[in-house]
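Observations on the model geometry
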Amino acid sequence: MVLAGLVMILGGLGCQAEKKKITLGFSQIGAESEWRTANTKSIEEAAKTAGIELKFSDAQQKQENQIKAIRSFIAQKVDVIAFSPVVETGWEPVLREAKAAKIPVILTDRAVDTKDETLWATFIGSDFVEEGRRAAKWLVEKMKDHQGAVNIVELQGTVGSAPAIDRKKGFEEILKDKPDFKIIRSQTGDFTRAKGKEVMEAFLKAEGKNIHVLYAHNDDMAIGAIQAIEEAGLRPGKDILIISIDAVKGAFEAMMAGKLNVTVECSPLLGPQLMSAVSDLMAGKALPKRIVTEESVFPMETAAQEFPKRKY
Ligand code: GYE
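Bear in mind that the values here come from a model prediction, so they are computed numbers and not experimental data. (Residues numbered from 1 in each chain as written. Predicted model: local features only at pLDDT ≥ 70, side-chain atom pairs only at ≥ 80, totals over all residues. Heavy atoms only, no water.)

Some details on the domain arrangement of the chain
- With domains assigned, the chain is organised as domain 1 (21-125 + 268-293) and domain 2 (128-266).
- The C-alpha centroid of domain 2 is placed 30 Å from the C-alpha centroid of domain 1.
- Between domain 1 and domain 2, the residue contacts involve twelve residues of the former and 19 residues of the latter.
- With both chains or domains summed, domain 1 and domain 2 bury close to 1100 Å², and 51% of this area falls on carbon and sulfur atoms.
- Linking domain 1 to domain 2 there are one salt bridge.
- Between Arg193 and Glu34 there is a salt bridge; the shortest N-O distance is 3.0 Å.
- Here domain 1 and domain 2 share five residue pairs in polar contact (both at pLDDT 80 or more) between them.
- Of the residues contributing to the side of domain 1 that touches domain 2, the split by class is five nonpolar, two polar and five charged. (Domains from an automatic or database assignment. Contact = heavy atoms within 4.5 Å. Buried area = accessible area lost by both parts, 1.4 Å probe. Salt bridge = Lys/Arg side-chain N within 4 Å of Asp/Glu carboxyl O. Polar contact = N/O pair within 3.5 Å; in protein donor to acceptor, adjacent residues only side chain to side chain. Nonpolar A, V, L, I, M, F, W, Y, C, P; charged D, E, K, R; others polar.)

Written out as C-alpha cells, the structure reads:
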C-alpha cells in the first residue's frame, strides 16, 4: 500500500515536470527607435523569467511581414500570439484566422481598429491621447506669459499608427480653444532619427526663424531634429522649444545638454505585464480588455536627478 502510494506521488511529480511549456509567438514592429529596442529587451527578458518559450519575429516596420509572422505562428500552433500592430487598420482577416484556430491574441503597445472586439483578448499599453494632452499642457503652462503667436511644427510618428494618430489628437484637443497656438507644419518622420532630421531640415528651410516650438511624437525624431536645428545655426531648447515623447535615456542626455525641454514618458517595459497576461489566459482566468501603463512627464530641470534612475 505504502509503496503503491509512493509510486503514485512520484508519477504525479513526473507529470508536472513534463507539463508543456507555454509557447508565445510575438510579432514586433521593428527596431526603429530606442523605445522599440528597450521594448524588445523587456519582452525577451520577461519571457525567460516566466519560463515561457518565445518565438520572436521582427517585421521591419512592414504590416505585410507582421501578417506573415502571425500566419506562421498559427501554422506552428503556438499557445498565444501577441503583437504590436504597426498601423491600426487591416488586421481583421488574420485575426479571424487566429480565432478560428482558437489561439488567443494579445495586443501590446499599439491598438488596432476593428469592429469585432472579440478578435483580441486584451490590449496592454499606454494612453497615447493622454500623452499628447500632457505635451500640450506643458507647452501652454510654459508659454503663459508669452504675447502673440506661438508657431509649432510637428513631427508625426508612422502614418496610420495608433501613437501618431492619438498623440496628435490629444495635443490638438488642449490647443483647440487657444488661437495663439498654431501648428504651422506637420509631417511624418516615421519615428526615426534620420527621418526626423530630414523633415526638420525641410521645415527650417520653409519657415526659417518663424518656428517657436517643435512637437515630436517621439524622442528619436526630436534628437534627429536637434541636429538639423544646430546645423541651421539655431539653438535647440532655446531658439526653438522642443517637446517629445518616450523618455528614453537619449532624451535625458539631450535635456542635460540643454537641447530638449521636456519629454513625456511612455514606458516600453511591457514584458512582465505581457507574460502575466499570457499565463492568466492559459490558466483560464478572465483578463481586463484594457491594461494601461502608468507614466509621468520629465521637464529639463529634473533630467540630471532622474537620469541615473532610468531603466531604458
Ligand atoms: O513612442 C516610438 C516607437 O508605439 C509607443 O513606437 C510606441 C512608439 C514609440 O517607435 O518611439
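Topic: the site of the ligand
- Looking at the ligand, there are 13 residues lining it, with Glu32, Asp109, Arg110, Asn218 and Asp246 nearest.
- Here an oxygen atom of the ligand sits 2.7 Å away from a polar atom, N or O, in the side chain of Arg110.
- Contact distances for the ligand include 2.6 Å between an oxygen atom and a side-chain N or O atom of Asp246.
- Burial of the ligand by the protein chains amounts to 100% of its free accessible area of 300 Å².
- Counting only elements with at least two residues in the shell around the ligand, the list comes to helix H2 (34-50) and helix H6 (162-175). (Near = heavy atom within 4 Å. Areas by Shrake-Rupley, 256 points an atom, 1.4 Å probe, with all protein chains shown as cover. Helix = DSSP H or I, 4+ residues; strand = E, 2+ residues; numbered from the N terminus.)

Section: helix H7 (residues 193-207)
- Taking 1.5 Å as the rise per residue, H7 with 15 residues should run 21 Å; its terminal C-alpha atoms sit 21 Å apart, in good agreement.
- Among all positions in H7, only Gly196, Lys197, Val199, Met200, Phe203, Leu204 and Glu207 are buried.
- Of the residues flanking the start of H7, the one acting as N-cap is Thr192, its side-chain oxygen 3.2 Å from the backbone nitrogen of Lys195. (Expected span 1.5 Å × (residues − 1). Buried < 20%, exposed > 50% of the residue type's maximum accessible area, 1.4 Å probe, protein only.)

Some details on the side chain of Asp220
- Inspection of the secondary structure puts Asp220 in helix H8 (residues 219-231).
- With near-sequence residues (within four places) excluded, Asp220 lies in contact with Ser33, Glu34, Trp35, Phe191, Thr192 and Arg193.

Digging into the environment of Leu54
- Note that Leu54 resides in strand S2 (residues 53-58).
- On the basis of relative accessible area, Leu54 is assigned to the partly exposed category, the value being 22%.
- On a C-alpha basis, the gap between Leu54 and Val80 in space is 10.0 Å, while along the polypeptide they are 26 residues apart.
- Apart from the residues lying within four places of it in its own chain, the contact partners of Leu54 are Leu24, Phe26, Ile43, Glu44 and Ala47.

Brief notes about unusual backbone geometry
- In the Ramachandran plot, Gln61 falls in the positive-phi region, its phi being about 65° despite a non-glycine side chain.
- As for its placement among the helices and strands, Gln61 is situated in the loop between S2 and helix H3 (63-75).
- Judged by its relative accessible area of 23%, Gln61 falls in the partly exposed class.

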